[in-house]
Structures are given as structure tokens and as C-alpha cells.
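# Observations on the model geometry
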Amino acid sequence: MLDAKVKELINAQINEEFFSEYLYLSFANYFYDNGLDGFANWYDIQAQEEHDHALLMRTYLHNNGERVIFDAVKQPQNDFASAEAVLKEGLAHEQYVTSLINKIYHAADSVHDYRTMQCFDWFVKEQGEEEKNADDLLKKYELFGKDPKGLYSLNQELLARTYVAPTLVL
């Protein structure tokens, strides 16, 4: 059995991960609507990753004898001012998720829950990668996105991205 606070935070994070999936699908919709299928592909893959993160956390709770409670997934934003605004929102969202993962890790550490800390080491590392990827994408857009040829090349680069399932062993 997990500490009640740790369990509560992980369960809440599962629901946040499903919201992240919805949010990234709304980002993908924006890019599909605006003819940028590479950017849409990038966010479709991000959405799949968030879905997988939720399921990994769900499995972790089940493996520790805990019940999982799903909340309603809140509606994501669906209207965006620009591609750059979407990318900035993506980076801000990853930073927010990092803060939530850090809260789980801190709660586990405070009750000496080393098993949860070991599991969430992966998520801490993953969030570092997620923030870097979102920041890199924003920087590339700021550098090349205002030039049609640069935007086309960046879109083509993002179109080539393929999904890779997470490798966390629970």
C-alpha cells in the first residue's frame, strides 16, 4: 500500500496526463486546420506519449494494490492566435507537468517511498526531455517559421517523426 498522499497525487497525475493528451490533440487539430501536417504529426505523437504515461501510472498504482479513479477530462483550449502561440503553450504546459511530477517525487521522498521514487525517476528524466523538445521546437519556429521555405522544411522534418513507445519497466 502506498502512502495516501502519494497515491492521491499519482491518481491526479493520471488524469492530468489524459488532459495533456486532449490538449496536444487540440494543438494537432490547429495545425491540421492550417495545413501544417508535420506540426500536427508532432503533436499527435505527443498526445500518444501522454496517453501512455497515464497508463504507466495506472499500472503502477494497480501493481501496488491501489484503486484508480478517473475524473472527467477537462476540455482543452481549442482556439489559438497563431502557431507560435501553440508552441509557447506547449512549452508552458510541459513546465507545468514537470512541477506536478516533482510534487509526486517530493511526496514519495518525504515518506521514504523508494519504490515510487525509483519509478518516478523515469518520469523526471522524461520531463526533462519533454521540456527540451518543446523549447527546441519553439526556437526552431522562431528562427525559421516566418520564412515560407524554412517553415516548409521544419514542417517536413516534423512529418518524419515516428512514435516510439516508452520503455519503463514497472
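Residues numbered from 1 in each chain as written. Predicted model: local features only at pLDDT ≥ 70, side-chain atom pairs only at ≥ 80, totals over all residues. Heavy atoms only, no water.

Taking an unreviewed UniProt entry as the reference, the protein chain is identified by name as Ferritin belonging to Megasphaera massiliensis. The heading Subcellular location (unreviewed entry) in the UniProt record of the protein chain holds the text "Cytoplasm". (UniProt positions renumbered as here; feature names shortened; annotations may be inferred.)

Quick look at the environment of Asn11 now. Mapping Asn11 onto the fold places it in helix α1 (residues 4-33). We classify Asn11 as buried; its relative accessible area is 10%. Taking C-alpha positions, Asn11 is 7.8 Å from Phe70, a pair spaced 59 residues apart along the chain. The contacts of Asn11, once residues within four sequence positions are left out, are Leu61, Arg67, Val68 and Ile69. Looking at Asn11, its side chain comes within polar contact range of the main-chain oxygen of Ile69, at 2.5 Å. (Helix = DSSP H or I, 4+ residues; strand = E, 2+ residues; numbered from the N terminus. Buried < 20%, exposed > 50% of the residue type's maximum accessible area, 1.4 Å probe, protein only. Contact = heavy atoms within 4.5 Å. Polar contact = N/O pair within 3.5 Å; in protein donor to acceptor, adjacent residues only side chain to side chain.)

In this structure, the largest pocket encloses a volume near 170 Å³. Considering the residues around the largest pocket, the lining is formed by Glu49, His53, Trp122, Glu126, Glu129, Glu130, Asn133, Arg161, Val164, Ala165 and Pro166. Where the lining of the largest pocket is concerned, the elements lending two or more residues are α2 (37-63) and α4 (114-144). Here the lining of the largest pocket gets 5 residues from one element, more than from any other, and that element is α4. Split into classes, the residues belonging to the lining of the largest pocket amount to 4 nonpolar, 2 polar and 5 charged. (1 Å grid on protein atoms, 1.4 Å probe; cavity = no way out; pocket = protein on both sides within 12 Å on 5 of 7 lines; lining within 4 Å. Points joined across faces, edges and corners; volume = space filled by probe spheres on them. Nonpolar A, V, L, I, M, F, W, Y, C, P; charged D, E, K, R; others polar.)

Turning our eyes to something else, we now look at the nonpolar core. Core analysis: the largest hydrophobic core is formed by 24 residues, its most contacted members being Phe27, Phe31, Phe39, Tyr43, Val86, Leu87 and Leu137. No other element matches α1, which puts 7 residues into this core. Setting aside residues no more than four positions away along its own chain, Tyr43 makes contact with Tyr24, Phe27, Ala28, Phe31, Val86, Leu87, Gly90 and Leu137. In terms of nonpolar packing, the next biggest core, distinct from the first, is built from 23 residues, Phe18, Ala54, Leu56 and Val68 among them. (Core = buried A, V, L, I, M, F, W, Y, C linked by side-chain atoms within 4.5 Å.)

Using the residue numbers shown here, the UniProt feature "domain: Ferritin-like diiron" (unreviewed entry) corresponds to residues 1-145. Between the C-alpha atoms that bound residues 1-145 the distance is 50 Å, and the span itself is 80% helix and 0% strand.

It is worth spelling out the packing of α4 against helix α5 (residues 148-159) at this point. Across the interface, α4 lies against α5 with an axial gap of 9 Å and an inter-helix angle of 155°. In terms of orientation, α4 and α5 fall into the roughly antiparallel class. In terms of crossing hand, the pair formed by α4 and α5 is right-handed. On α5, the residues that touch Leu137, Lys140, Tyr141 and Phe144 of α4 are Gly150, Leu151, Leu154, Glu157 and Leu158. (Axes fitted to C-alpha atoms, helices over the stretch in contact; angles between N-to-C directions. Parallel < 35°, antiparallel > 145°, perpendicular 65-115°, else oblique. Left-handed = near helix turned anticlockwise from the far one by under 90°.)

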